[in-house]
Amino acid sequence: MTHQENTGSNAYGSRGGPRRPPGWASGEGGNEWELSPRRAGSEHRPDAVSGRSMEDDAPVIYGLEFQARALTPQTAETDAIRFLVGTQSLKYDNQIHIVDFDDENNIISKNVLLHQVGEIWHISTSPADKGVLATCYNKPSDSKVLTCAAVWRMPKELEPGGHESPDDSTSPAHTLELLCHLDNTAHGSMACVTWEPAGDGKKVVSLADNHILLWDLQESSSQAVLASSASLEGKGQLKFTSGRWSPHHTGTQVATANDTTIRGWDTRSMSQIYCIENAHGQLVRDLDFNPNKQYYLASCGDDCKVKFWDTRNVAEPVKTLEQHSHWSQEPPQDSVIATYEEHEDSVYAVDWSSADPWLFASLSYDGRLVINRVPRALKYHILL
């Protein structure tokens, strides 16, 4: 593999990568991709992106040459649409792709950061500092693999507006600056790191095996001090799989998932405040809070169900959506409103943009990142 390929400069990669959707054309630079619909039999013209009647609901696709499952928006960036994607490669140095989307011109631009310490299993960004992020990554240790966590700073030139030129496809990858490790030697493998949503970027919670750990980041995030912790207790090998910090309740509540159970925690005392046993029939994969309604929590599991909970009364879910659900009434109803089928491999992550509430990105294991919008008709139905 050449140096150019190894730094991800070919947006669709040397291994073939995801194929482009029918009827779409790419730009020539390797770093930027200009997408425009074309009618059957018509000749593509580069200036076709100026028409907005069709593009508003059309997907935009970016391909990485490595497999990937870690995705996050850049939380502190509220002006530019920016996502970070972490790769999983056993053979080559792993990377973090910083992907920006120009919504006006339907153009994607990217920068690449080298993440040489291992495969990235989870990535999250500071809510206060655009340049700071955390990763969970695999690290061999005493004939076994341990998932560690660290806090990093990206180069200042990679702040919005400092992207590679579309003609400079051979630009070398940039290097991350290690700020500190979240030492999990005594706690086991890290599942994820979540930041205090409305904070100053100084508090994070990490989940390591059956431990929930609250950290204070000090000295400009160069030192992580364990402030408090709690552990799951019970039979068997209990392990956290995911967690989210609630944006409500003055930042004092965190929700976690382990096996089929969802728990709520008070970060002031690290005590459990609610527990939803058998929340799903199989493993709970992920959960998230409604940013507009303080008591509402969504979860999804291997039982192919999405459930919505009111944390004040967790005896039953408020709503359950199953795989075959569809809507037949005039939206908005509490039901599935759209299905997106641009992926050809397992989708491991979906995240909303922190700059545009109607835009989101999804990532599949083959390295395909798809940027989509809420259907235009539904958006205007909600707004008007």
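Our subject is the structure listed above.
Thresholds applied
- Residues numbered from 1 in each chain as written.
- Predicted model: local features only at pLDDT ≥ 70, side-chain atom pairs only at ≥ 80, totals over all residues.
- Heavy atoms only, no water.
- Pairing = 2+ DSSP bridges.
- Helix = DSSP H or I, 4+ residues; strand = E, 2+ residues; numbered from the N terminus.
- Axes fitted to C-alpha atoms, helices over the stretch in contact; angles between N-to-C directions.
- Salt bridge = Lys/Arg side-chain N within 4 Å of Asp/Glu carboxyl O.
- Buried < 20%, exposed > 50% of the residue type's maximum accessible area, 1.4 Å probe, protein only.

Colleague: Can you help me understand the sheet that holds strand β14 (residues 211-218) in this one?
Modeller: The strands making up a sheet associate through hydrogen bonds between their backbones, and the pairing can be parallel or antiparallel. Taken together, the four strands give an open sheet; going across it, the order is β12-β13-β14-β15, and neighbouring strands pair in antiparallel fashion. Each edge of the sheet is formed by a strand with only one pairing partner; in this case those strands are β12 (190-195) and β15 (223-231). Averaged over all neighbouring strand pairs, the angle between strand axes comes to 25°, with direction disregarded.

Colleague: Explain the sheet that holds strand β9 (residues 144-153) here, please?
Modeller: The four strands lie next to each other as β7-β8-β9-β11, forming an open sheet whose pairing is antiparallel. The outermost strands of the open sheet, each flanked by one partner alone, are β7 (120-125) and β11 (177-181). This sheet shows a mean twist of 35° between the axes of neighbouring strands, independent of strand direction. Note that strand β8 (residues 132-141) and β9 share 10 bridges and pair antiparallel. Along β9, the bridge assignment pairs P140 with V145.

Colleague: Would you mind showing me how to read the pattern of salt bridges here?
Modeller: Should their charged atoms come close, side chains of opposite charge can pair. If you walk through the whole model with that rule in mind, you get nine salt bridges. The residue R244 makes a salt bridge to D288 at a minimum N-O spacing of 3.9 Å. Pair noted here: R244 is in strand β16 (residues 242-245) and D288 is in strand β20 (residues 284-289), with a separation of 44 residues, a long-range link. Ionic pairing is found between R285 and D302, a salt bridge with its closest N-O pair at 2.8 Å. Residue R285 is located in strand β20, and its partner D302 is located in the loop between β21 (296-301) and β22 (305-310); the two are separated by 17 residues in the primary sequence. Each of R244, D286 and D288 takes part in a single network of salt bridges with overlapping partners.

Colleague: Is there a simple way to think about the pairing of strand β26 (residues 368-373) in this case?
Modeller: Walk down a regular strand and you will see the side chains alternate between the two sheet faces. The buried fraction of β26 is high, at six of six residues. As defined by bridge partners, strand β2 (residues 60-63) adjoins β26 across four bridges and the pair is classed as antiparallel. If you follow G63 over to β26, its bridge partner there is R368. Looking at chain direction, strand β25 (residues 359-364) and β26 are connected through five bridges and run antiparallel. Note that in β26 the partner of L363 across the bridge is L369. Counting the residues in the hairpin turn of β25 and β26 gives three residues, including G367, whose phi is positive at 90°.

Colleague: Would you explain the pairing of strand β13 (residues 203-208) in this entry?
Modeller: Of all six residues in β13, five are buried; the element is thus mostly enclosed. Note that β12 and β13 share five bridges and pair antiparallel. Bridge pairing in β13 links V193 to S206. Summarising the sheet, β13 and β14 pair through six bridges and their orientation is antiparallel. Bridge pairing in β14 links V205 to L214. The turn linking β13 back onto β14 is made up of two residues, and D209 within it adopts a positive phi angle of 50°.

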